[in-house]
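# Coordinate analysis (summary)
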Amino acid sequence: MKLVLLGPPGAGKGTQSVVLSKQYKIPHISTGDILREAVKAGLPLGIKAKSFMDKGELVPDEVVTGIVVERLKKPDVQKGYILDGFPRTLKQAEDLDKALAGMSSGIDMAVYFETSVKTAIERLCGRRVCKSCGFNYHVKNIPPKKEGVCDKCGGVLFQRPDDNEKTVMNRLKVYEDQTKPLIAYYTKKGLLKKVSGDLGVNELFKVLSNTFSDAKIA
Ligand code: ADP
Ligand code: ZN
């Protein structure tokens with residue numbers, strides 16, 4: 001099952017991806033996570049990407065597409081994968097299709113998590129992330145038992161540098177301008193599946209299993 005997850009920042013793509021990836025035993029490929037890892041490790045890629053990320057701007061297409069295309073050459077993606085945060089521009093989507101045409105097969109479905117701007121802002125500004133295991137919390141919606149401490153591993157919780165209000169507003173604008181056209185792109189291909197951004201993960205499983213044959217999920 002080859003999935004693309006679409007929707008504004010704060011739609012819950014990352015959270016849903018983690019669960020879907022476990023359930024279907026297919027890798028979760030998040031360009032945001034890959035870029036943040038590169039920043040943390042001080043790699044040249046990270047140094048290049050950081051200034052864009054801090055402002056809520058997109059990292060240049062050729063950089064991000066190159067990372068994804070390389071990742072999709074690894075053997076663990078044979079059964080499928082979940083692309084979270086990629087593609088984010090028409091150019092990225094077109095280049096992904098070109099690259100996939102030379103591999104086994106294309107995307108099976110683009111799941112669009114419809115989310116209001118108000119919800120997205122609330123989720124992003126209240127988000128806290130565990131420094132050790134990466135689990136996501138929310139100060140109101142998913143608070144940890146002890147403030148600032150991860151329930152799962154005891155790690156320290158922090159706020160992503162791009163989750164401040166000013167950068168959040170820019171990320172949402174960038175989404176409107178550059179990523180939203182992908183909804184039309186995947187609709188035209190007959191691949192778009194619109195779901196509510198408030199869907200629980202069990203409801204999402206239902207949508208997916210109603211759409212896919214067992215062969216594609218297995
Ligand atoms: P969110 O979806 O919550 O904004 P991500 O973790 O997906 O967060 O992305 C964080 C940042 O990483 C983006 O604001 C952008 O700077 C960069 N980024 C991630 N994916 C892409 C992409 N496909 N193209 C360009 N930049 C990207
Ligand atoms: Zn943790």
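Summary of the structure given here. Owing to the predicted nature of the structure, the values given are computational and were not obtained by experimental measurement.

Let's shift gears to the coordination of the zinc ion (ligand 2). Within the first shell, the zinc ion (ligand 2) binds the protein through Cys-130 (SG), Cys-133 (SG), Cys-150 (SG) and Cys-153 (SG), at distances of 2.3 to 2.4 Å. One can describe the site at the zinc ion (ligand 2) as tetrahedral: its four donor atoms subtend angles covering 98 to 116° at the metal. Going along the chain, you hit the donors of the zinc ion (ligand 2) in the pattern C-x2-C-x16-C-x2-C. The exposure class assigned to Cys-133 is partly exposed, which follows from its relative accessible area of 43%.

Here helix α7 (residues 165–179) contains 15 residues, and its C-alpha end-to-end distance of 20 Å stays within 8% of the 21 Å for a straight helix at 1.5 Å per residue. Looking only at α7, the buried set comprises Thr-167, Val-168, Arg-171, Leu-172, Val-174, Tyr-175 and Thr-179. Here the buried residues of α7 occupy an arc of 160° about the axis, which is enough to place them on one side. Exposed side of α7, more than 90 degrees from the buried face: Glu-165 and Lys-166 are the residues found there.

Around ligand 1, the structure places 19 residues, and the nearest of them are Thr-31, Arg-36, Glu-57, Gly-85 and Arg-171. In this structure, an oxygen atom belonging to ligand 1 sits 3.2 Å away from a side-chain N or O atom of Arg-160. When ligand 1 is considered free in solution it has 550 Å² of accessible area, and contact with the protein chains removes 95% of it. Of all the elements, helix α2 (residues 31–40) adds the most residues to the shell around ligand 1, at four residues. Grouping the constituent residues of the shell around ligand 1 by class yields seven nonpolar, four polar and eight charged.

A few words on the pattern of salt bridges. This model, assessed by the stated rule, comprises 16 salt bridges. Across the pair Asp-54 and Lys-50 runs a salt bridge, and its minimum N-O distance is 2.5 Å. Highlighted residues: Asp-54 and Lys-50, both in helix α3 (residues 44–55), separated by four residues, approximately one helical turn. Note on Lys-50: relative accessible area 37%, which makes it partly exposed. When the shortest N-O distance is used, the salt bridge between Asp-177 and Lys-173 registers 2.6 Å. Taken together, the residues Asp-177 and Lys-173, both in helix α7 and four residues apart, mark about one turn of the helix. Given the relative accessible area of 46%, Asp-177 is considered partly exposed. Among the charged side chains, a salt-bridge network with shared partners connects Arg-127, Arg-160, Asp-162, Asp-163 and Arg-171.

Definitions and limits used
- Residues numbered from 1 in each chain as written.
- Chains lettered and ligands numbered in written order.
- Predicted model: local features only at pLDDT ≥ 70, side-chain atom pairs only at ≥ 80, totals over all residues.
- Heavy atoms only, no water.
- Donors = N, O, S within 2.8 Å, 3.2 Å for Na, K, Ca; no water.
- Tetrahedral: all angles 85-135°; square planar, octahedral: opposite > 155°, others 65-115°.
- Buried < 20%, exposed > 50% of the residue type's maximum accessible area, 1.4 Å probe, protein only.
- Helix = DSSP H or I, 4+ residues; strand = E, 2+ residues; numbered from the N terminus.
- Expected span 1.5 Å × (residues − 1).
- Arc of directions from axis to C-beta.
- Near = heavy atom within 4 Å.
- Polar contact = N/O pair within 3.5 Å; in protein donor to acceptor, adjacent residues only side chain to side chain.
- Areas by Shrake-Rupley, 256 points an atom, 1.4 Å probe, with all protein chains shown as cover.
- Nonpolar A, V, L, I, M, F, W, Y, C, P; charged D, E, K, R; others polar.
- Salt bridge = Lys/Arg side-chain N within 4 Å of Asp/Glu carboxyl O.

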